[in-house]
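Chain by chain, the residues run as shown.
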Amino acid sequence: MAEKFRVFATCDIGPALERLRQRGYYLEIHPAPEAPPKAVIIAKVASGIDGLITTLRDQIDAEVFSAGQGKLRVVSQLAVGFDNINREDANRFKIPFTNTADVLTEATAEFAFFMLGSLARKQWSAEQLTRNNQWGFWHPYLPFLGDEVTGKTIAVIGTGRIGLAVIKKCVGFDMNILCYDPAYQNHAYIRAIAELMELRLARGIQKEKTRIEYVAFEEALRQADFVTIHVPLLRTTESPTPTYHLFNERTLRWMRPSAFLINTSRGPVVDESALAQALREQWIAGAALDVYEKEPLPVDSPLRDPAIEDRCRLFPHFGSAATITRLSPDPDKGMAGRCVQGLIDVLEKNYGGDPKQMPYVVNKEAF
Ligand code: NAD
């Protein structure tokens, strides 16, 4: 039987938590579906818990780490993004934190692609027409048409795990692919995709020759029919190539009036008031968003403007929201399973107790 560790989860992450109970852990789960106030997290940490399970809704910084000084040993985050955790503060207090990379890659990539498709083919407007009994006749172009996805050019901004998974899916739609990533370029993967495109052409699976290449950011935006964002949120102090407001008035104007923007990364990567203006004034044709500068989306957000309703699709941070992806207790399949495993690794001193060797620890540089 493992030591009786005390763990507080800021929300119920499902059946994977049973693994902790079976190991004799004392587990407390915040009872409401909404995030606990920060003061509750601080009080729990100060009460002497060993491990804290968090989601992107919780602000974890020096206030939390100092409350747990000498006792708190791990923060285990149910997400791949960790912009809610102050990495510098975690390092200063030498607290390892873990994330759930990889297991949500395909789910998020496919959701981004489905958002793209539903936006381009006007599925929301088309369903409304049907439901509201405004479908009076079949007509070649009235009341509106959508735009094909097949054969078009997509810019993938950020070619990490999710960006590469999106690229793989775009090949099946005979798309040209422009990649932009100033920090990580996977040329072997891009070469393999180019070979796949050539094979599909040679065997008659696709009719037109297509291409994939890394290009500069401006070139990607100027040439693309679709722009899909797969970067982490990096503020100016956190990276030489920050992503905060990477999409702003200047860069949105580089996009074509016929182009669509898809964001499943983090809200603050896009300047929302500039985007609302871009949609109102039709600098771009449309946007589909899963993430926002403030979540849940405020009632007075400019993105809710009825004037842009037909070209602005809004989703509730839903990219990874598939059953196995979110809930599977298997650390190789589910975020919950991986989150729990990350916590166990640290508390039970797996990998010789060295956080640098633990696969799900993010801030390895602190150890
Ligand atoms: P990743 O770290 O594997 O990939 C991110 C890529 O972005 C890296 O290759 C990095 O070099 C690149 N990058 C960094 N700065 C850049 C810049 N200025 N311009 C262009 N590229 C830049 O991460 P991932 O697993 O692919 O996830 C990406 C992000 O997606 C996460 O950080 C998270 O915020 C978000 N996400 C959202 C959902 C959702 O439900 N909507 C789900 C999963 C992930």
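Residues numbered from 1 in each chain as written. Predicted model: local features only at pLDDT ≥ 70, side-chain atom pairs only at ≥ 80, totals over all residues. Heavy atoms only, no water.

1. What to know about the side chain of Thr55
Then step 1. With respect to the secondary-structure elements, Thr55 resides in the loop between strand S3 (51-54) and helix H3 (62-67).
Then step 2. We classify Thr55 as buried; its relative accessible area is 8%.
Then step 3. Each residue touching Thr55, except ones within four places of it in the same chain, is listed here: Thr10, Cys11, Gln77, Leu78 and Asn84. (Helix = DSSP H or I, 4+ residues; strand = E, 2+ residues; numbered from the N terminus. Buried < 20%, exposed > 50% of the residue type's maximum accessible area, 1.4 Å probe, protein only. Contact = heavy atoms within 4.5 Å.)

2. Describing the state of the cysteines
Then step 1. According to the stated counting rule, one finds zero disulfides in the structure shown.
Then step 2. Cys170 forms no disulfide, and the closest cysteine sulfur to it belongs to Cys179, at a distance of 9.5 Å.
Then step 3. Cys170 sits in the buried class, given a relative accessible area of 0%. (Disulfide = S-S within 2.5 Å.)

3. As for the packing of helix H7 (residues 161-171) against helix H8 (residues 187-202)
Then step 1. Between H7 and H8, whose axes approach to 11 Å, the crossing angle comes to 5 degrees. When the interaxial angle is binned, H7 and H8 end up roughly parallel. Contacts between H7 and H8 involve Leu164, Ala165, Ile167, Lys168 and Val171 on the former and, on the latter, Tyr189, Ile190, Ile193, Leu196 and Arg200.
Then step 2. Split into classes, the residues belonging to the contact of H7 with H8 amount to eight nonpolar, no polar and two charged. (Axes fitted to C-alpha atoms, helices over the stretch in contact; angles between N-to-C directions. Parallel < 35°, antiparallel > 145°, perpendicular 65-115°, else oblique. Nonpolar A, V, L, I, M, F, W, Y, C, P; charged D, E, K, R; others polar.)

4. Examining the packing of helix H5 (residues 105-120) against H7
Then step 1. With their axes 8 Å apart at the nearest point, H5 and H7 run at an angle of 55 degrees to one another. The angle between the axes of H5 and H7 places the two elements in the oblique class. In the crossing of H5 with H7, the sense of the turn from one axis to the other is right-handed. Within the contact between the two elements, H5 uses Thr105, Glu106, Thr108, Ala109, Glu110 and Phe113 and H7 uses Arg161, Ile162, Ala165, Val166, Lys168, Lys169 and Cys170.
Then step 2. In the contact of H5 with H7, the residues fall into six nonpolar, two polar and five charged. (Left-handed = near helix turned anticlockwise from the far one by under 90°.)

5. Some points on the domain arrangement of the protein
Accessible area lost when the parts come together is the quantity often used to give the size of an interface.
Then step 1. In terms of domain boundaries, the protein breaks down into domain 1 (6-103 + 324-366) and domain 2 (105-314).
Then step 2. Each of domain 1 and domain 2 has a C-alpha centre, and these two points are 32 Å apart.
Then step 3. Taken together, the contact between domain 1 and domain 2 spans eight residues of the former and seven residues of the latter.
Then step 4. Carbon and sulfur atoms make up 44% of the surface buried where domain 1 meets domain 2, a total of about 660 Å² over both sides.
Then step 5. Together, Leu56, Asp83 and Asp102 form the three largest contributors to the area buried by domain 1 at its contact with domain 2, with a combined 63%.
Then step 6. Counting across the domain 1 and domain 2 interface gives one salt bridge.
Then step 7. The residue Arg266 makes a salt bridge to Asp83 at a minimum N-O spacing of 2.9 Å.
Then step 8. Counting across the interface, domain 1 meets domain 2 through two residue pairs in polar contact (both at pLDDT 80 or more).
Then step 9. Counted by class, the side of domain 1 that touches domain 2 contains four nonpolar, two polar and two charged residues. (Domains from an automatic or database assignment. Buried area = accessible area lost by both parts, 1.4 Å probe. Salt bridge = Lys/Arg side-chain N within 4 Å of Asp/Glu carboxyl O. Polar contact = N/O pair within 3.5 Å; in protein donor to acceptor, adjacent residues only side chain to side chain.)

6. Things to note about the site of the ligand
Then step 1. Neighbouring the ligand are 29 residues; Arg161, Ile162, Asp181, Thr264 and Asp290 lie closest to it.
Then step 2. A distance of 3.0 Å separates a nitrogen atom of the ligand from a polar atom in the backbone of Thr241.
Then step 3. Within the side chain of Asp290, an N or O atom sits 2.8 Å from a nitrogen atom of the ligand.
Then step 4. If the ligand stood free it would expose 870 Å²; the protein chains cover 91% of that surface.
Then step 5. Of the residues that constitute the shell around the ligand, the class distribution is 12 nonpolar, 13 polar and four charged. (Near = heavy atom within 4 Å. Areas by Shrake-Rupley, 256 points an atom, 1.4 Å probe, with all protein chains shown as cover.)

7. Some words on the side chain of Asp271
Then step 1. By the element assignment, Asp271 lies in the loop between strand S10 (260-263) and helix H11 (272-280).
Then step 2. Within the buried set, Asp271 has no salt-bridge partner at all; the shortest N-O distance to an opposite charge, 10 Å, is to Arg280.
Then step 3. Only 3.1 Å separates the side chain of Asp271 from the backbone nitrogen of Ser273, close enough to count as a polar contact.
Then step 4. Excluding anything up to four places from it in sequence, Asp271 contacts His245, Phe247, Asn248 and Glu293. (Lys, Arg positive; Asp, Glu negative; His and termini not counted.)

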